[in-house]
Amino acid sequence: MDEIRIRGLDVFAHHGVFPEETRLGQHFIVNAVLYTDTRRAGLTDALEETTNYGEVCQEITRFLQDHTWKLLEAAAEHTAQHILQRFPLLSAVDLEIEKPQAPIGLPFDTVSVKIHRGWHRAYMALGSNLGDKRGYIQDALEGLRQNPQMRVGRCSTLISTAPYGGVEQDDFLNGAVELDTLLTPWELLDELHRLEQLAGRVRKIHWGPRTLDLDILLYDNEIIRSQDLTIPHPDMTNRAFVLEPMAEIAPDVLHPVLHRTMAELLDELRERESC
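Basis of the calculations
- Residues numbered from 1 in each chain as written.
- Predicted model: local features only at pLDDT ≥ 70, side-chain atom pairs only at ≥ 80, totals over all residues.
- Heavy atoms only, no water.
- Helix = DSSP H or I, 4+ residues; strand = E, 2+ residues; numbered from the N terminus.
- Buried < 20%, exposed > 50% of the residue type's maximum accessible area, 1.4 Å probe, protein only.
- Contact = heavy atoms within 4.5 Å.
- Areas by Shrake-Rupley, 256 points an atom, 1.4 Å probe, with all protein chains shown as cover.
- Polar contact = N/O pair within 3.5 Å; in protein donor to acceptor, adjacent residues only side chain to side chain.
- Pairing = 2+ DSSP bridges.
- Axes fitted to C-alpha atoms, helices over the stretch in contact; angles between N-to-C directions.
- Salt bridge = Lys/Arg side-chain N within 4 Å of Asp/Glu carboxyl O.
- Expected span 1.5 Å × (residues − 1).
- Core = buried A, V, L, I, M, F, W, Y, C linked by side-chain atoms within 4.5 Å.

## Some remarks on the overall build of the chain
Summing up its helical and strand segments, the chain has eight helices and eleven strands in all. Expressed along its principal axes, the backbone C-alpha trace of the chain runs to roughly 75 × 50 × 30 Å. Within the chain, the fraction of its 275 residues that count as buried is 48%. Pairs at least 24 apart in sequence give 63% of the contacts found in the chain among residues at least 6 apart. Carbon and sulfur atoms provide 50% of the accessible area of the chain, an area that totals close to 14,700 Å².

## Looking at the side chain of D180
When you line up the elements, D180 lands in strand β8 (residues 172-181). Side chain to side chain, D180 and R121 meet in a polar contact 2.5 Å long. Not counting the four nearest positions on each side in its chain, D180 is found in contact with W119, H120, R121, Q149, M150 and R151.

## What to know about the sheet that holds strand β4 (residues 112-118)
The antiparallel open sheet is built from four strands, whose spatial order is β1-β2-β3-β4. The sheet is open, and its two edges are formed by β1 (2-13) and β4, each paired on a single side. On average, each strand axis in the sheet is inclined to that of its neighbour by 15 degrees, with strand direction left out of account. Pairing analysis gives seven bridges linking strand β3 (residues 92-98) to β4, with the strands arranged antiparallel. Residue pairing across strands places V93 opposite R117, the latter belonging to β4. In the packing of helix α3 (residues 53-66) onto the sheet, the strands contacted are β1, β2 (26-36) and β3, and the crossing angle to β1 comes to about 35 degrees.

## As for the pattern of salt bridges
Following the criterion strictly, the structure yields 15 salt bridges and no others. R117 is the partner of E77 in a salt bridge, and the nearest nitrogen-oxygen pair spans 2.8 Å. Residue E77 is found in helix α4 (residues 72-86), and its partner R117 is found in strand β4; the two are separated by 40 residues along the sequence. With a shortest N-O distance of 3.2 Å, E178 and R121 are connected by a salt bridge.

## Considerations on α3
Compared with an ideal rise of 1.5 Å per residue, which puts 14 residues at 20 Å, α3 spans 20 Å between its outermost C-alpha atoms and is within 8% of the ideal. By the burial criterion, the buried members of α3 are V56, C57, E59, I60, T61, F63 and L64. Looking at the packing, one finds that the buried side of α3 touches β1, β2, α4 and β3. The N-cap residue of α3 is N52: its side-chain oxygen and the backbone nitrogen of G54 are 2.9 Å apart.

## Things to note about the nonpolar core
If you look at the biggest cluster of nonpolar residues, it comprises 30 residues, and the most contacted ones within it are V30, L34, I60, L64, L95 and I97. Looking at this core, the elements with two or more residues in it are β1, β2, α3, α4, β3 and β4. If one sorts the elements of this core by residue count, α4 sits on top with six residues. Setting aside its immediate chain neighbours within four residues, I97 contacts F28, I29, V30, L64, L72, A75, A76, V111, S112 and V113. Counting 25 residues, the second largest nonpolar core, distinct from the first, contains L126, L158, Y219 and L229.

Interpretation in functional terms is not warranted from these geometric data alone.
What follows is the structure in structure tokens.
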């Protein structure tokens, strides 16, 4: 990925733990690396095909001056998220905020916090088999769209499928959605649980009926095995109601463990089921 670098942006703002820091203000120095594809701008020499670093500098300055945080960590976190949301051609940013006038009481050059933040590509399974199934799924998609840390991409066709897991219940409506997010996998999981709760989901029976079921299938090429989260989804390769929607919207995306595309996994599942 190409880089646009900003070094030594001097911003006078009001951040700090001590009251005199937020009252009197001080100078902060901002360094940033903007990750973006500059190829088209380089070929066309057109400003609209790139991220205007002058506008980025102005936006960083305005944002840091319009807000007050106690910690450099908070100032860096919120500023990085704001820049990524404000400039759509950016895929990621390295942001460093220096505090050369920090009240340490000892000789020093500067203190700083540096973070890397960016957009992550995730795929989610959607399902419902109670009440207004289509309505619950559409409401969930709208909830994702309203979150500024989400960008909803391709959505599959919703398909009706028989229930999975041996519990007698109504047929499901299932689909999949592509999502770009600034959230970590665990933050994304929390957000999906929040949307499920808004839909009135009650977790009583494993593989039982539910108003809304939202599962993270893939998150970048991450492989996560923890007590509360497994990515890739551990049973997705056995579920046609997952692989069919995924093969529709992301046929060439690779499973990071099996190194098979979604289309290949669907073909293999159909072969197994036909035997």
